[in-house]
Amino acid sequence: MLKLFTAHNSICTQKVFLTLLEKDLPWISEYIDLFNNEQYRPDYLRLNPKGVVPTLLHEGHAVIESTLICEYLDETFPALSLAPKTPYERSQMRRWSKHIDEGVFEATREISFSAMFRDKMKGMSEEQRHGRYRNIGDPGRRARMMSTYEQGCDSPFVEQGIFAFEKMFGEMEETLADGRIWLAGQDFSLGDINVMPFAARLDYLNILDIWIEKRPHVTAWWYRAKARPSYHGAIAKLLNDDQVRAMASSGLRIKDQIAAKYAEVAKHRKLAVEAAA
């Protein structure tokens, strides 16, 4: 039996849920309460030294990192493969995984934090906040959280996040313009799965349109992705009304700030592309 350690509204866990549902695999879950620091329990850290979710247990082995978990599931259970057939197409599939792992994941965390979780931290005592900072082993990640807490949307990490999404969605528009249906070709793949939860988070925050309203190919891809039964089962079905309302209202509070920063980021990126040409 596959066992997945997860948390409510965890974007990386949603990637694994999508993979499990697309492959029609059964699993059991154990919930880790991130706000109560259960991810730092010694028994959990033995499974996942980074103290994050998700973690997959299978045949006595712990598999960590959501991108690797998805690939592990696809290789271990090859029926209904989510990887393209040719090496070139598989390299293109992994291109989107790299976008997520090398920038968009952190971008989503900083934007989500400035919109939603910053207010929760404001409700903590100073001792509780510093305790939360101390629990983060990675100094870079700690610095990002502290900056986003103190500066909100004015944090330079939020601006970097806006750029990371702009770069990814710009490349998606160019890639999809050749008539393909999905990111790695005509077949749905782990490339699409890697991107879907991150686009979904922006959508629930009511700010996705900032990036894609003038990108018709990305918009069409997004409608196709949301129409898949796995999207409903892995993301929409698992969010309750309170979570959906909280994301919507939180995103609207920062939308004007994000849009203004996006306009500057997009202008500079356009100038850089034109100069390179």
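Our subject is the structure that appears above.
This is a predicted model, so every value here is computed, not measured.

Side note on the overall build of the chain
Then, in step 1: A count of helices and strands for the chain gives 12 helices and four strands.
Then, in step 2: The buried share of the chain, reckoned over its 277 residues, is 49%.
Then, in step 3: Within the chain, counting contacts between residues at least 6 apart in sequence, those at least 24 apart form 71% of the total.
Then, in step 4: With an accessible surface of roughly 13500 Å², the chain has 54% of that area assigned to carbon and sulfur atoms.
Then, in step 5: Mean positive and mean negative side-chain charge positions of the chain (37 and 38 charges, respectively) differ by 1 Å.

Looking at the packing of aromatic side chains
Then, in step 1: In the structure shown here, the tally under the stated rule is eight aromatic pairs.
Then, in step 2: Considering the side-chain rings of phenylalanine 165 and phenylalanine 169, the 5.8 Å spacing of their centres and the 15 degrees angle between planes classify their relative orientation as stacked. Placement of both phenylalanine 165 and phenylalanine 169 in helix H7 (residues 156–176) is noted, with a separation of four residues, approximately one turn of the helix. A single burial state applies to phenylalanine 165 and to phenylalanine 169, both of which are buried.
Then, in step 3: With a centroid separation of 5.0 Å and an interplanar angle of 85 degrees, the aromatic rings of tryptophan 182 and phenylalanine 188 are classed as edge-to-face.
Then, in step 4: Overall, tryptophan 182 belongs to the buried group, its relative accessible area being 7%.
Then, in step 5: Among the aromatic residues, ring-to-ring pairing joins Phe165, Phe169, Trp211 and Tyr262 into one connected group.
Then, in step 6: The lysine or arginine in question, arginine 224, covers the ring of tryptophan 182, its NZ or CZ lying 5.7 Å from the ring centre.
Then, in step 7: Note that arginine 228 overlies the ring of phenylalanine 188, its terminal NZ or CZ placed 3.7 Å from the centroid.

Reading the values: rules and limits
- Residues numbered from 1 in each chain as written.
- Predicted model: local features only at pLDDT ≥ 70, side-chain atom pairs only at ≥ 80, totals over all residues.
- Heavy atoms only, no water.
- Helix = DSSP H or I, 4+ residues; strand = E, 2+ residues; numbered from the N terminus.
- Buried < 20%, exposed > 50% of the residue type's maximum accessible area, 1.4 Å probe, protein only.
- Contact = heavy atoms within 4.5 Å.
- Areas by Shrake-Rupley, 256 points an atom, 1.4 Å probe, with all protein chains shown as cover.
- Lys, Arg positive; Asp, Glu negative; His and termini not counted.
- Charge placed at Lys NZ, Arg CZ, Asp CG, Glu CD.
- Phe/Tyr/Trp six-rings, centres within 6.5 Å; stacked < 30°, edge-to-face > 60°.
- Lys NZ or Arg CZ within 6 Å of the ring centre and 35° of its normal.

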